[in-house]
Amino acid sequence: MIAPSILSADFARLGEEAAAVAGSDWLHVDVMDAHFVPNLTLGLPVVQSLLAATDIPLDCHLMIEDPARWAPPYAEAGAYNVTFHAEATDDPISVARDIRAAGGKAGLSVKPGTPIEPYLEILREFDTLLVMSVEPGFGGQSFMPEVLNKARIVRNLVDAGELRLVVEIDGGINVDTVEQAAEAGIDCFVAGSAVYGTADPAAAVRGLRAQAGRASAHLSIG
């Protein structure tokens, strides 16, 4: 699965930019509040406009404080997957259940320096685990391969039937890094400039998907 990140798109032409990646599995939307991370991007009104402009399921990554208050409305609006950060709440299970009750899939994200082990027991409450391979808050950073062990740990649990979720990665994914991420057990690859920095974003999506499929022991390309 490839999820182009509109953080790398032209914000003045978001409808057209969504159309430019037709055939993508998800459209990744980074929501930043200038508190949990130092940057500020977009919020619920823009997500609502995107929902009206594209049929690609929206994958909303909330880099925000107080997800208990702000995450469920994204699901209510129609976002397919709503992910919040483990570091932003003391009660991730409650937030996940509220997102699901609002009609969305629930995702948990962890920063590069956050160990995955304390969260393994609660991942049954989630549909997605988003492993950050850069520090959240800015696009264009270099891939951090040391985070891939988290993906391997969770992949083993999924393959053993102990968990059922999508293992997603975000940060520095491009033609040079997508294969090692796939080999580590990633299902869904967020790509920003590797898609929107090309002359043909839809072709870039297809190329990344093919690369991931060839490198992975668990993915298949239909």
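Our structure's up above, just so we're on the same page.
None of the values given here were measured: they were computed from a predicted structure. (Residues numbered from 1 in each chain as written. Predicted model: local features only at pLDDT ≥ 70, side-chain atom pairs only at ≥ 80, totals over all residues. Heavy atoms only, no water.)

Counting 65 residues, the largest nonpolar core has Ile6, Leu27, Val29, Leu123, Val154 and Phe189 as its most contacted members. Counting residues per element, this core draws most heavily on helix α5 (residues 148-159), which supplies 5 residues. Setting aside residues no more than four positions away along its own chain, Ile6 makes contact with Phe11, Leu14, Leu27, His28, Val29, Leu42, Leu50 and Tyr196. Core analysis: the second largest hydrophobic core is formed by 5 residues, Ala3, Trp26, Val166 and Cys188 among them. (Core = buried A, V, L, I, M, F, W, Y, C linked by side-chain atoms within 4.5 Å. Buried < 20%, exposed > 50% of the residue type's maximum accessible area, 1.4 Å probe, protein only. Helix = DSSP H or I, 4+ residues; strand = E, 2+ residues; numbered from the N terminus. Contact = heavy atoms within 4.5 Å.)

The next subject is the pattern of salt bridges. What the rule picks out here adds up to 9 salt bridges. For Arg13, the salt bridge goes to Asp10, with nearest N and O atoms at 3.9 Å. As a salt-bridge pair, Asp25 and Arg209 come within 3.0 Å of each other at their nearest N and O atoms. Placement of the pair is Asp25 in the loop between α1 (14-19) and β2 (27-32) and Arg209 in helix α8 (residues 201-215), with a sequence separation of 184 residues. A residue is classified by how much of its surface remains accessible, and Asp25, at 26% relative accessible area, is partly exposed. Linked by salt bridges that have partners in common, Asp10, Arg13, Glu16 and Glu17 make up one network. (Salt bridge = Lys/Arg side-chain N within 4 Å of Asp/Glu carboxyl O.)

At their nearest, the axes of helix α2 (residues 44-53) and helix α3 (residues 67-77) sit 10 Å apart, and the two run at 15 degrees to each other. When the axes of α2 and α3 are compared, the pair comes out roughly parallel. For the crossing formed where α2 meets α3, the hand is right-handed. Touching Leu44, Val47, Gln48 and Leu51 of α2 are Pro73, Tyr74 and Ala77, all from α3. Its residues assigned to classes, the contact of α2 with α3 shows 6 nonpolar, 1 polar and no charged. (Axes fitted to C-alpha atoms, helices over the stretch in contact; angles between N-to-C directions. Parallel < 35°, antiparallel > 145°, perpendicular 65-115°, else oblique. Left-handed = near helix turned anticlockwise from the far one by under 90°. Nonpolar A, V, L, I, M, F, W, Y, C, P; charged D, E, K, R; others polar.)

Among the 5 residues in strand β7 (residues 166-170), 5 count as buried, and that is most of the element. Residues Val166, Glu168 and Asp170 point to one face of β7 and Val167 and Ile169 to the other, with burial holding for every one of them. Once the chain exits β7 it traverses helix α6 (residues 178-183) before rejoining the sheet at strand β8 (residues 188-191), and the crossover so formed is right-handed. (Right-handed = clockwise from strand over helix to strand, strands pointing away.)

Within the secondary structure, Met63 is located in strand β3 (residues 58-63). Spatially, the C-alpha atom of Met63 lies 9.1 Å from that of Ser109, the residues being 46 residues apart in sequence. Beyond its immediate sequence surroundings of up to four residues, Met63 is in contact with Asp30, Val31, Met32, Asp33, Phe36, Val37, His85, Pro136 and Gly137.

Limitation: the analysis is restricted to geometry and does not speak to function.
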